[in-house]
Amino acid sequence: MFLPPDAPKEQIVEYQELLGFNRPLYVQYGDFIIHAVQGDFGQSLRSKEDALGIVIERLPATFQLAFTALVLALIVAIPLGVLSAYKRNTVFDKLGVGLTIVGQAIPSFWLGLILIYLFAAQLKMLPSGGGGDTVAHDSTYYNISSL
């Protein structure tokens, strides 16, 4: 993936040897575990930076996203669950059970893409990517109108 599609076989073999991909998988995994226990997660193949540093740099955004998702899920789930329990065997109960089943059945990566398309491309309420301190949409930075 890091070499051109028309790279000669010799260059591919040389690159595999350089990165250690020519060794058996269990040996590669064993080396990774030994280094990981010592706190060395190696270098990113793409940016050539310390892999652990890249992960730590992105942790605040990950926590922010996870916390927001949890809050939104609780805001929807608790009232829906209480309403379903209180109005047993009514349309509210069936709607609650149906939404629960659909929510568990839809793959999260597909739902994420659909929500990005809806809220960023169509409604222009949120940015389609990136980070920052605000969720304000600025169409000069996010040109996804061609979707």
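- Looking up the chain in an unreviewed UniProt entry gives the name ABC transporter permease, with the organism given as Tigheibacillus halophilus.
- Listed in UniProt under the heading Subcellular location (unreviewed entry), the comment for the chain reads: "Cell membrane".

Let's talk about the UniProt feature "transmembrane region" (unreviewed entry) in the chain
Here comes step 1: What UniProt calls "transmembrane region" (unreviewed entry) maps, in this numbering, to residues 61–83 and 95–120.
Here comes step 2: For residues 61–83, helix accounts for 100% and strand for 0%, while the C-alpha atoms at its two ends are 33 Å apart.
Here comes step 3: Secondary structure over residues 95–120 splits into 92% helix and 0% strand, and the C-alpha atoms at its two ends are 27 Å apart.

Details of the environment of Leu95
Here comes step 1: Structurally, the position occupied by Leu95 is in helix 4 (residues 91–105).
Here comes step 2: Residue Leu95 is classed as partly exposed on the basis of its relative accessible area, which comes to 48%.
Here comes step 3: Put simply, Leu95 and Leu80 are 15 residues apart on the chain and 8.9 Å apart in space, counted from C-alpha to C-alpha.

Topic: a nonpolar patch on the surface
Here comes step 1: Side chains of Phe109, Trp110, Leu111, Ile114, Leu115, Leu118, Leu123, Met125 and Leu126 sit close together on the surface and give an oily, nonpolar patch of about 830 Å² of accessible area.
Here comes step 2: With respect to the helices, strands and loops of the structure, Leu111 is situated in helix 5 (residues 108–122).

Topic: the confidence of the model for the chain
Here comes step 1: Residues at a pLDDT of 70 or more form 88% of the chain, whose mean pLDDT is 85.
Here comes step 2: Across the chain, element-level confidence peaks in helix 2 (residues 25–37) with a mean pLDDT of 93 and bottoms out in helix 1 (residues 9–19) with 88.
Here comes step 3: Scored below 50 in pLDDT, residues 140–147 shows nine contacts in the model against residues more than four places distant or in partner chains.

Description of the packing of helix 3 (residues 51–86) against helix 4
Here comes step 1: Remark: helix 3 packs on helix 4, axes separated minimally by 8 Å, with the N-to-C direction vectors making an angle of 135 degrees. Of the possible angle classes, the one that applies to helix 3 and helix 4 is oblique. Both helix 3 and helix 4 take part in a crossing whose hand is left-handed. Together, Leu80, Leu83 and Ser84 of helix 3 and Phe92, Asp93, Gly96 and Leu99 of helix 4 make up the contact between the two elements.
Here comes step 2: Considering only residue class, the contact of helix 3 with helix 4 consists of four nonpolar, two polar and one charged.

Some thoughts on the pattern of salt bridges
Here comes step 1: Under the counting rule described, the total for this entry stands at two salt bridges.
Here comes step 2: In this structure, Asp31 and Arg23 form a salt bridge, with 2.4 Å as the shortest nitrogen-oxygen distance.
Here comes step 3: For Glu57, the salt bridge goes to Arg58, with nearest N and O atoms at 3.9 Å.

Some points on unusual backbone geometry
Here comes step 1: Unusually for a residue other than glycine, Lys48 sits at a positive phi of about 65 degrees.
Here comes step 2: By relative accessible area, which is 47% here, Lys48 ends up partly exposed.
Here comes step 3: Unlike most non-glycine residues, Asn89 shows phi in positive territory, near 60 degrees.
Here comes step 4: Topologically, Asn89 is positioned in the loop between helix 3 and helix 4.

Conventions adopted
Residues numbered from 1 in each chain as written. Predicted model: local features only at pLDDT ≥ 70, side-chain atom pairs only at ≥ 80, totals over all residues. Heavy atoms only, no water. UniProt positions renumbered as here; feature names shortened; annotations may be inferred. Helix = DSSP H or I, 4+ residues; strand = E, 2+ residues; numbered from the N terminus. Buried < 20%, exposed > 50% of the residue type's maximum accessible area, 1.4 Å probe, protein only. Patch = residues over 30% accessible without salt bridge, like charges linked within 9 Å, V, L, I, M, F, W, Y side chains within 5 Å. Areas by Shrake-Rupley, 256 points an atom, 1.4 Å probe, with all protein chains shown as cover. Salt bridge = Lys/Arg side-chain N within 4 Å of Asp/Glu carboxyl O. pLDDT = per-residue confidence, 0-100. Contact = heavy atoms within 4.5 Å. Axes fitted to C-alpha atoms, helices over the stretch in contact; angles between N-to-C directions. Parallel < 35°, antiparallel > 145°, perpendicular 65-115°, else oblique. Left-handed = near helix turned anticlockwise from the far one by under 90°. Nonpolar A, V, L, I, M, F, W, Y, C, P; charged D, E, K, R; others polar.

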